[in-house]
Amino acid sequence: MTSISKTSRRLIRPLVLLLVALPWVVLPLWLLLVNSAKPLSEASSLSLSLPAKWALGDNYSTVLGEGHYGRALTNSLLVIVPTLVVVVVLGSMAAWAYARSSSLPMKIAYSLTVLSILLPPAILPTVYELQTLHIDGTRLGYFLVMTGTRIGTVVFLATGFIKALPRDLEEAALTDGANRLQVYRIIILPLLVPVLLVGCVILIISTWNDFFFASFLLQGSERATLPLALYQFASASTDVSAMRWNLIFAHIVLTSLPLILLYLLVQRRVVGGLAEGGIKG
């Protein structure tokens, strides 16, 4: 009876997950994919059926041209890559300093840094400050805002991880003549790889999908990132009945495609890094 109950539990869990995922994940994804391959007359009905007439090539080629997908993809990468590098490096350095200090000012600084995760975005003061610095509407201003609003996530994740690490290796390296930067680069940074991988995944998803800040801080279609370009493309027609749903669905697929490919490439490294971090911790 015990073996039967264990077997039934193993079967029930995947079945429950499948039933939950079906209406919330599988069906919306299928609706998105299948309607992106239909002509406008069929896609407007938003049905789950296969296309009676396939328009896959026409839809995606139109999005690549009229939707300025290549330019928007370049703009997104120009923001995400430097943001990721700066946030990971500065955030991990700050986390090391916070974790190894017991002074009151450092505790206050840590609390203020982490508080950025919870506070709502102060868009008006941000725009005013960027205007004062004459970088309003530029990629540089958007990059600085993304860095400032995302660094708290890495600091929060890395600080708790570093606090659980013994200080023996750091003290031994300092005794052998290594400076603080060498200790960070040789000892701290390699140990932080598991948690930084998780932080990178969170940063990439949140920055890639950001629309709120982009709509306020990036001016003109020339600087539009993928979510903003999708919005501009979808809102080209103010009449809902005239919206080109087949092209909008195709644009959504292309906007999500880089994240999906990235996930397929790094999922094993992220899971392996988490396992390694769990063993070290």
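Throughout this document, residue positions are counted from 1 along each chain, in the order its sequence is written. Per-residue local features of the predicted model are confined to residues with pLDDT of at least 70, and side-chain atom pairs are confined, for both listing and counting, to 80 or more; whole-chain, interface and lining totals are unaffected and use all residues. Side-chain numbers come from the whole structure's heavy atoms, not from hydrogens or water.

Trainee: Is there a simple way to think about the overall build of the protein in this case?
Mentor: We count a stretch as a helix when DSSP gives it H or I for four or more residues in a row; a strand needs E for two or more, and each element gets its number in order from the N terminus. In terms of helices and strands, the protein carries 13 helices and zero strands. When the helices and strands of the protein are placed in sequence order, the string is α-α-α-α-α-α-α-α-α-α-α-α-α. The criterion used for residue contact is that any of the two residues' heavy atoms lie within 4.5 Å. Summarising the internal contacts of the protein: among those between residues at least 6 apart in sequence, 70% fall at separations of at least 24. For the accessible areas, the method is Shrake-Rupley and the probe is 1.4 Å, while residue cover comes only from the protein chains on display. Element-wise, carbon and sulfur atoms account for 70% of the exposed surface of the protein, whose accessible area totals about 16,700 Å².

Trainee: Is there a simple way to think about unusual backbone geometry in this case?
Mentor: When glycine is set aside, most residues are seen to have a negative phi, and most peptide bonds are trans. One non-glycine residue, H68, lies in the positive phi region at around 50 degrees. Locating H68 in the fold gives a position in the loop between α3 (56-66) and α4 (69-99). The phi dihedral of H134 is positive, around 60 degrees, even though this residue is not glycine. In this fold, H134 is placed in the loop between α6 (123-132) and α7 (139-163). To sort residues, take the accessible area from a 1.4 Å probe on protein chains only and compare it with the maximum for the residue type: under 20% means buried, over 50% means exposed, and anything in between is partly exposed. Under the relative-accessibility criterion, H134 is labelled exposed at 72%.

Trainee: Any chance you could explain helix α10 (residues 193-208) here in plain terms?
Mentor: For an α-helix, 3.6 residues make a turn, and residues three or four places apart therefore share a direction. The terminal C-alpha atoms of α10 lie 22 Å apart, and with 16 residues this matches the ideal 22 Å at 1.5 Å per residue to within 8%. Those residues of α10 not exposed but buried are P194, V195, L196, G199, C200, L203, I204, T207 and W208. To estimate how far a helix should extend, the number of its residues minus one is multiplied by 1.5 Å.

Trainee: I keep staring at the side chain of T83 and nothing clicks. Help me out?
Mentor: As for its position among the elements, T83 is in helix α4. Relative accessible area serves as the criterion here: at 2%, T83 is assigned to the buried category. Here a polar contact is taken to be a pair of N or O atoms separated by no more than 3.5 Å, where protein atoms must pair a possible hydrogen donor with a possible acceptor and residues adjacent in sequence count only if both atoms sit in side chains. Only 2.6 Å separates the side chain of T83 from the backbone oxygen of V79, close enough to count as a polar contact. The residues contacting T83, other than those within four sequence positions of it, are F143, M146 and T147.

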